[in-house]
Number of protein chains: 2
Amino acid sequence: MELDVKKTAIIFKAFCDENRIKILQLLSGGEKCACKLLKEMNITQPTLSHHMKILCDSGIVEGRKEGKWMHYSISKEGTEYARKCFDILTDTGCAIENQSCCE
Amino acid sequence: MELDVKKTAIIFKAFCDENRIKILQLLSGGEKCACKLLKEMNITQPTLSHHMKILCDSGIVEGRKEGKWMHYSISKEGTEYARKCFDILTDTGCAIENQSCCE
DNA sequence: ATAACATATTGACATTTTTCTATTTGTTGC
DNA sequence: GCAACAAATAGAAAAATGTCAATATGTTAT
């Protein structure tokens, strides 16, 4: 796979803010409604909405609207794609090539 | 494993900037000297130094000093730890629990 | 239609991050 | 010691991000 640098940066923005990490923890294990997330987080409603947008833009989280409620969950597709990006970026290479020199 | 939220945010900062992603791409497949990275990136030397610090702080990259040169490479230990954090945060849970309700 | 509620958007402000130039530190070879 | 080079640090400016209060939008029940 060819890595899309811009897209990759957007994906991993999901994981580089403490509040978003807490939200992902709350979502791990199952779907949750925004109002429930709000109760468990120490932030205002617009701030939660802002973070949920970043999480959805990353593809890691997906939203499902049901009446006036928004239900969020971890996206399997999104996380699979993110994992591929992670794998590409953390390839440690083969040992024989693992030497650089600046003679 | 219990997730360290602060540490996790620091780890994934490595992946959420376009220049750092390019650096990781350059490092994938083997160790490289800072001066080589500098030639291939379109940034100044202090900016590269700044990004290398963030990458090393994340644990994803490790540096090795040899004379006046710094050699950087992807850290196997660091990436293994990061992968564990990623796995925890992208657990989609079991299907039976995957429903939330706000009655 | 209107009231009540859940969520999104707007706009402002503070903080953090990115980037640069200039300088400093550390290393090598003369 | 001194010149040359590699990398780190300091400090400043610009850009991006996180946060909130206020407001708007959309949905449900009366």
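A.B. asks: How would you explain the environment of M52 of chain B if you had to name every residue and give the values?
C.D. replies: Residues and elements named next belong to chain B. In this fold, M52 is placed in helix α4 (residues 45-58). A relative accessible area of 2% places M52 in the buried class. For M52 and A34, which are 18 residues apart along the polypeptide, the C-alpha to C-alpha distance reads 8.7 Å. The residues touching M52, leaving out its near neighbours within four places in the chain, are I23, L27, L37, V61 and Y72.

A.B. asks: Got a sec to walk through helix α4 (residues 45-58) of chain A? Specific residues and values, please.
C.D. replies: Residues and elements named next belong to chain A. The terminal C-alpha atoms of α4, which comprises 14 residues, lie 20 Å apart, in line with the 20 Å expected from a rise of 1.5 Å per residue. Residues L48, H51, M52, L55 and S58 constitute the buried set of α4. Projected down its long axis, α4 shows its buried positions confined to an angular sector of 115°, all on one face. Facing away from the buried surface of α4 by more than 90 degrees, the exposed residues are P46 and K53. Taken together, the buried residues of α4 touch α1 (5-13), α2 (18-27), α3 (34-40), β2 (61-66) and β3 (69-74). Downstream of α4 by one or two residues, G59 has phi in the positive range, about 90°.

A.B. asks: Provide a residue-level description of the nonpolar core, including the pertinent values.
C.D. replies: F12, F15 and M52 of chain A together with F12, F15 and M52 of chain B are the most contacted members of the largest nonpolar core, which has 53 residues in total. Sort the elements by how many residues they give to this core and α2 of chain A lands first, with five residues. Discounting residues that sit within four places of it in the chain, F12 of chain A has contacts with A82, C85 and F86 of chain A together with F12, F15, C16 and F86 of chain B.

A.B. asks: I'd like to hear about the sheet that holds strand β3 (residues 69-74) of chain B, residue by residue, with values.
C.D. replies: Within a sheet, neighbouring strands are paired by backbone hydrogen bonds and run either parallel or antiparallel to one another. All names here are of chain B. Across the sheet, three strands lie side by side as β1-β3-β2; this open sheet has antiparallel pairing. Whereas interior strands pair on both sides, the edge strands pair on one side only; in this sheet they are β1 (32-33) and β2 (61-66). Pairing geometry for β2 and β3, over six bridges, is antiparallel. Within β3, the residue paired with V61 across the bridge is I74. Packed on one face of the sheet, α4 meets β2 and β3 and runs near 115° to β2.

A.B. asks: Explain the protein's contact with DNA strand D to me, and be specific about the residues and the numbers.
C.D. replies: Close contacts around DNA strand D come from 24 residues, with N19, T47 and H51 of chain A together with Q45 and S49 of chain B the closest. Within 4 Å of the protein, the contacting atoms of DNA strand D are drawn from sugar and phosphate to the extent of 72%. A distance of 2.7 Å separates a phosphate oxygen of DNA strand D from a polar side-chain atom of T47 of chain A. The contact in question runs from a phosphate oxygen of DNA strand D to an N or O atom on the side chain of S49 of chain B, over 2.9 Å. Counting residues per element, the ones that place at least two in the surface near DNA strand D are α2 and α4 of chain A together with α3 (34-40), α4 and β3 of chain B. In terms of residue count, the dominant contributor to the surface near DNA strand D is α4 of chain A (five residues).

A.B. asks: Pulling in residues and values, what's your account of the interface of chain B and chain A?
C.D. replies: Between chain B and chain A, the contact holds 46 residues from the first and 46 residues from the second. Linking chain B to chain A there are two salt bridges. Between D87 of chain A and R83 of chain B there is a salt bridge; the shortest N-O distance is 2.3 Å. In this structure, the connection of chain B to chain A is made through two residue pairs in polar contact (both at pLDDT 80 or more). When contributions to the side of chain B that touches chain A are tallied by element, the ones reaching two or more residues are α1 (5-13), α2 (18-27), β1, α3, β3 and α5 (76-89) of chain B. Looking at the side of chain B that touches chain A element by element, the count peaks at eight residues for α5 of chain B. For the side of chain B that touches chain A, the residue count by class is 18 nonpolar, 14 polar and 14 charged.

A.B. asks: Can you lay out the relation of the copies chain B and chain A for me, pointing to particular residues and giving the numbers?
C.D. replies: With an RMSD of 0.0 Å, chain B superimposes on chain A once it is rotated by 180° and translated 0.0 Å along the axis. When the rotation and shift are considered jointly, the pair of chain copies conforms to a two-fold rotation axis. Among all C-alpha atoms of chain B, that of F12 of chain B lies closest to the rotation axis, at 3.3 Å. The fraction of interface residues of chain B whose copies in chain A are also interface residues reaches 100%, indicating that both copies meet through the same surface.

Rules and cut-offs
- Residues numbered from 1 in each chain as written.
- Chains lettered and ligands numbered in written order.
- Predicted model: local features only at pLDDT ≥ 70, side-chain atom pairs only at ≥ 80, totals over all residues.
- Heavy atoms only, no water.
- Helix = DSSP H or I, 4+ residues; strand = E, 2+ residues; numbered from the N terminus.
- Buried < 20%, exposed > 50% of the residue type's maximum accessible area, 1.4 Å probe, protein only.
- Contact = heavy atoms within 4.5 Å.
- Expected span 1.5 Å × (residues − 1).
- Arc of directions from axis to C-beta.
- Core = buried A, V, L, I, M, F, W, Y, C linked by side-chain atoms within 4.5 Å.
- Pairing = 2+ DSSP bridges.
- Axes fitted to C-alpha atoms, helices over the stretch in contact; angles between N-to-C directions.
- Near = heavy atom within 4 Å.
- Polar contact = N/O pair within 3.5 Å; in protein donor to acceptor, adjacent residues only side chain to side chain.
- Salt bridge = Lys/Arg side-chain N within 4 Å of Asp/Glu carboxyl O.
- Nonpolar A, V, L, I, M, F, W, Y, C, P; charged D, E, K, R; others polar.
- Least-squares fit on C-alpha atoms with pLDDT ≥ 70 in both.

No statement about biological role is implied by the geometric values presented.
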